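In case you want the letters, here they are:
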Amino acid sequence: RPAVVAAVAAVPKQLFIGGAWTDATGGRTFAVGDPATGEVLCEVADAAPADGRRALDAAVAAQEEWAATAPRARSEILRRAYEIILSRTDELALLMTLEMGKPLKEARGEVAYAAEFFRWFSEEAVRVDGGYGTTPDGANRILIMRRPVGPCLLITPWNFPLAMGTRKIGPAVAAGCTMVLKPAPQTPLSTLALAGILTEAGLPPGVLNVVTTTDAAGVVEPLLRGGDVRKLSFTGSTQVGRILLAQCADTVVRTSMELGGNAPFIVFDDADLDVAVDGAMTAKMRNMGEACTAANRMFVHRSVADEFAARFAERMAALTVGPGTEPGSDVGPLIDAAGRGKVEELVEDALRRDAKVVTGGTTPDGPGYFYPPTVLTDVSRDAALMRTEIFGPVAAITTFDDEDEVVRAANDTEWGLVGYLFTRDVDRALRVGERLEVGMVGLNTGLVSNPAAPFGGVKQSGLGREGGRVGIEEFLEYKYVAIPVR
Ligand code: ADP
């Protein structure tokens, strides 16, 4: 495996603070593992709270000068980074496959998706504008400026290690904010490689600081409570999101929160079943189901349920499970033993409540955290997997009879990230699309993520949006100047 050794060796393993690679306090490190083998890939720096503080100090020190740079200069850094990322697609894809498990072809797709956030925000950087007006009584002029919100703390999850980084770094750089980024401990390598690429692209020291740590709570809490962080952008579980929101309350930190989902996937009786099955494959199996946008509850109209389940299960059963580095693999391992254990428990619970296995459902022997593509039918609406993010390749199918009933069932959750809807009836599509309590709707498609669109959820799926025209707004403040007319 010379390519593997070379890819891992090429990545810096230290903290990135103030433009320099530095060891963590006491030289502490932690192991990064390969979920396909359970073996250790390498060690990276394990930051202590004091290292987090150093990183934030560097971001604070760089903020004023960075905010004063020309938008075009910030734009061109992002553009160059976009090009470097694409030129290193193979290396970056391999790194992600190694640390996270997704098949190489999906990892390559993520590299392109991740790079696209930099291209998009390089274009947005030069389009930030304010306003000018007159008060209704004619006595005052109103001048509206846009200012970067200030030093940001960015926290990313392990499931899309590169794209979740670029989706936050891109708008922060474009807006003129400095930042501390804390990647998930399972997947630090993609982020460290990204820091190297941004430096090559000309990002000045201190603008981006990267802190890898196994002590997320210990490093993050003092930063959020300390008063210097002006903005938190977090992607992760709703459970951790709530803790962070409470910590942000003390010093009134602005937040963007991309939290969990429990996506309904609704197939009406008039749907094109070929399209619906394709959509189900994407919505369920992208990233092995380890996505907050994954179809979690499949509601299929009773009249087409058997046919849909049979066709979908046939496609699921045909997928090849194996290490992501094998060219033929469609389905890599889950992230770790805990992730797989949760999936197993959810399936067992559904089976105890009389669900039927059409395909999959049994954990294979051998190394790595593999789990087979699984289709369950007759899933009880009380099953735990209808109320919990599965985060694995398990499709739970239940049936419905009418539109009102399915909309009520789909909305019967505290989450509201995305809903998928398959129908050929335009009126129904718009009607149901309006009624679903979600931030995004996939209409006859299983994929909604796009750098040019506002990604985000309602209810306990989060606050704010990433990407699209609004993505940069999350990193900008309004400042209004009152000027009397004289
Ligand atoms: P998951 O369960 O998918 O790993 P988490 O919400 O636990 O999702 O993790 C998302 C990110 O939040 C990771 O970078 C993780 O290290 C970080 N994190 C977890 N707990 C805390 C915490 N108490 N404070 C700050 N960050 C945290």
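Residues numbered from 1 in each chain as written. Predicted model: local features only at pLDDT ≥ 70, side-chain atom pairs only at ≥ 80, totals over all residues.

- Within an unreviewed UniProt entry, the label attached to the protein reads NAD-dependent succinate-semialdehyde dehydrogenase, and the organism entered is Actinoallomurus vinaceus.
- Recorded in UniProt under Sequence similarities (unreviewed entry), the annotation for the protein is "Belongs to the aldehyde dehydrogenase family." (UniProt positions renumbered as here; feature names shortened; annotations may be inferred.)

1. Comments concerning the sheet that holds strand β6 (residues 140–148)
Two modes of strand pairing occur in sheets, parallel and antiparallel, and in both the strands are linked by backbone hydrogen bonds.
Argument step 1. The strand order across the open sheet built from 3 strands is β5-β6-β22, with neighbouring strands paired in antiparallel fashion. With one partner strand each, in any of the chains shown, β5 (131–134) and β22 (476–484) form the two edges of the open sheet. Within this sheet the neighbouring strands show an average axis-to-axis angle of 20°, counted without direction.
Argument step 2. Where β5 lies against β6, 4 bridges are found, and the strand directions are antiparallel. Pairing of Thr134 across the sheet is with Arg141, part of β6. (Pairing = 2+ DSSP bridges. Helix = DSSP H or I, 4+ residues; strand = E, 2+ residues; numbered from the N terminus. Axes fitted to C-alpha atoms, helices over the stretch in contact; angles between N-to-C directions.)

2. Side note on unusual backbone geometry
Negative phi values dominate among residues other than glycine, just as trans dominates among peptide bonds.
Argument step 1. Of note in the backbone geometry, Asp378 takes a positive phi value of approximately 55° without being a glycine.
Argument step 2. Relative to the assigned elements, Asp378 resides in the loop between β15 (374–377) and β16 (394–400).
Argument step 3. The exposure class of Asp378 is partly exposed, given the 16 C-beta atoms found within 10 Å. (Buried ≥ 20, exposed ≤ 12 C-beta atoms within 10 Å, placed from the backbone.)

3. Some thoughts on the sheet that holds strand β13 (residues 295–301)
Argument step 1. If you walk across this open sheet you meet the 7 strands as β14-β15-β16-β13-β12-β18-β19, and the pairing is mixed. Sheet topology places β14 (356–359) and β19 (440–443) at the edges, where each strand pairs with a single neighbour. The average angle at which neighbouring strand axes cross in this sheet is 25°, direction not considered.
Argument step 2. Of the pairings in the sheet, the one linking strand β18 (residues 418–422) to β19 comprises 4 bridges and is parallel in character. Pairing of Tyr420 across the sheet is with Gly442, part of β19.
Argument step 3. Across the sheet, helix α11 (residues 302–317) lies against β12 (263–267), β13, β14, β15 and β16, angled at about 135° from β13, the strand it touches most. (Contact = placed C-beta atoms within 7 Å.)

4. Observations regarding the packing of helix α5 (residues 104–124) against helix α6 (residues 163–175)
Argument step 1. It is the contact of α5 with α6, at a shortest axis distance of 8 Å, that shows an interaxial angle of 10°. What the angle tells us is that α5 and α6 run roughly parallel. Residue-level inspection shows Glu110, Tyr113, Ala114, Phe117, Phe118, Trp120, Phe121 and Glu124 of α5 in contact with α6, the latter providing Ala163, Thr166, Arg167, Gly170, Pro171, Val173 and Ala174.
Argument step 2. Residues of the contact of α5 with α6, tallied by class, amount to 10 nonpolar, 2 polar and 3 charged. (Parallel < 35°, antiparallel > 145°, perpendicular 65-115°, else oblique. Nonpolar A, V, L, I, M, F, W, Y, C, P; charged D, E, K, R; others polar.)

5. Concerning the site of the ligand
Argument step 1. Within the structure, the ligand sits among 15 residues, and Ala216, Ala217, Gly236, Ser237 and Val240 are positioned closest to it.
Argument step 2. Within the residue set of the shell around the ligand, elements represented by two or more residues are α8 (216–225) and α9 (238–250).
Argument step 3. Considered class by class, the residues forming the shell around the ligand number 11 nonpolar, 3 polar and 1 charged. (Near = placed C-beta within 6 Å.)

6. Some remarks on the nonpolar core
Argument step 1. Core analysis: the biggest nonpolar cluster contains 150 residues, and Met179, Ile266, Ala396 and Ile397 have the highest contact counts within it.
Argument step 2. When residues of this core are assigned to their parent elements, the largest contribution, 9 residues, is made by α5.
Argument step 3. Excluding anything up to four places from it in sequence, Ile397 contacts Met298, Val300, Ala305, Ala309, Val375, Leu376, Thr377 and Val379. (Core = buried A, V, L, I, M, F, W, Y, C linked by C-beta atoms within 7 Å.)

7. Description of the pairing of strand β10 (residues 231–235)
Argument step 1. Burial runs high along β10: 5 of the 5 residues are buried.
Argument step 2. Relative to β10, strand β7 (residues 152–155) runs parallel, the two sharing 4 bridges. Bridge pairing links Leu154 to Ser233 in β10.
Argument step 3. For the crossover from β10 across α9 to strand β11 (residues 254–258), the handedness is right-handed. (Right-handed = clockwise from strand over helix to strand, strands pointing away.)

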